[in-house]
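# Tertiary structure, described
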Amino acid sequence: MSVTTTFLSGPSIRARLGAGEIHLWHLQSSRPGSRGAVAAVLARYLGIAAADVRFTRDARGKPELDVRCGAAPRFSISRAGQVGLLAVAEETQVGVDIEPLGRIPARWAVVREALTERERSVLPTDESSAADAFLRSWVRKEALLKAAGVGLSVEPRLVELRGIEIVAVPSELGTTESWALVDLTLPRHVAAVATENPRAVLRLHGEWPTSVRPRVGA
Ligand SMILES: CC(C)(COP(=O)(O)OP(=O)(O)OC[C@H]1O[C@@H](n2cnc3c(N)ncnc32)[C@H](O)[C@@H]1OP(=O)(O)O)[C@@H](O)C(=O)NCCC(=O)NCCS
């Protein structure tokens, strides 16, 4: 997956997805990730008022646009504190996840549950670096599980990663070649985007204040 930045200006400009594009938005709102903030962005793709954007959820909780909204893009939401991210794609499943850095997992048992044996074996030895490495791995896995629409109904340790390379996935996610990941690093946060299309182009859209502006890579 390659990444470019094209910042749209003006809240009313119609947003259009080019072939193979994924657009990543920073949700600017006092409640980032709220339905209103998400609807305001998706309305720009649909050419309708934000108030007319209707959401549904599939059986596993993945939010979707109501078919009454017409041809609807796919999207994924993640929020961490005041930062909300929205990934939008047309013909490919997409997932995004963000977590704040600098937290030591409350229970390292979580780490054992989420990582494979090989992934645990390459964690740094000092606790703070290990926590950051764990969170980096966690957002990649969660982005992938969200793109597949399964969320945490599938155990993250059934996905094995080496960096952003996908080494193993459970059968319900298809094959390792079915997916691609890209890392994003935001100030004090880590994030990842997953998609079905390895040739997808990720574009950063909207306004990204320096406090949240991401760079690509770990
Ligand atoms: C969604 C999930 C993967 C992670 O959420 P999180 O890290 O706490 O929070 P994030 O902000 O990153 O993501 C939340 C968003 O993910 C999306 N989401 C929820 N279920 C999803 C699914 N199955 N597939 C894709 N996206 C999903 C929703 O948009 C949700 O925000 P919303 O409720 O406002 O619509 C997790 O909460 C989950 O799987 N929930 C489904 C219920 C479930 O299986 N629970 C088992 C727990 S062991």
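Report on the accompanying structure. The shown structure was predicted, so the numbers you read here are calculated from the model rather than taken from an experiment. (Residues numbered from 1 in each chain as written. Predicted model: local features only at pLDDT ≥ 70, side-chain atom pairs only at ≥ 80, totals over all residues.)

## Description of the overall build of the protein
From N to C terminus, the protein includes 4 helices and 13 strands. By the compact-globule yardstick of 17 Å for 218 residues, the protein fits well, its C-alpha radius of gyration being 17 Å. Along the longest, intermediate and shortest principal axes, the C-alpha atoms of the protein span 50 × 40 × 30 Å. Here the protein holds 218 residues, and 39% of them are scored as buried. (Helix = DSSP H or I, 4+ residues; strand = E, 2+ residues; numbered from the N terminus. Rg over C-alpha atoms; globule rule 2.2 N^0.38 Å. Buried ≥ 20, exposed ≤ 12 C-beta atoms within 10 Å, placed from the backbone.)

## Overview of unusual backbone geometry
Even without being a glycine, R188 presents a positive backbone phi close to 65 degrees. Inspection of the secondary structure assignment puts R188 in the loop between strand 10 (180-186) and strand 11 (189-195). On the neighbour-count criterion, R188 (13 C-beta atoms within 10 Å) is partly exposed.

## Describing the pairing of strand 10
With 6 of 7 residues buried, strand 10 is to be regarded as a mostly interior element. Across 7 bridges, strand 10 lies against strand 11 in antiparallel orientation. Among the inter-strand pairings, L186 is bridged to a residue of strand 11, identified as H189. Hairpin geometry of strand 10 and strand 11 is characterised by an intervening segment of 2 residues between the two adjacent antiparallel strands and by a positive phi of about 65 degrees at R188. Pairing analysis gives 2 bridges linking strand 10 to strand 13 (residues 215-216), with the strands arranged antiparallel. Within the sheet, the bridge partner assigned to L184 lies in strand 13 and is V216. (Pairing = 2+ DSSP bridges.)

## A closer look at the sheet that holds strand 11
A sheet is described by the order of its strands in space; here 4 strands give the open sequence 7-11-10-13, paired in antiparallel fashion. Among the strands making up the open sheet, the edge pair consists of strand 7 (94-100) and strand 13. The strands touched by helix 4 (residues 127-147) are strand 7, strand 10 and strand 11; relative to strand 7, the strand with the most contacts, the crossing angle is about 150 degrees. (Contact = placed C-beta atoms within 7 Å. Axes fitted to C-alpha atoms, helices over the stretch in contact; angles between N-to-C directions.)

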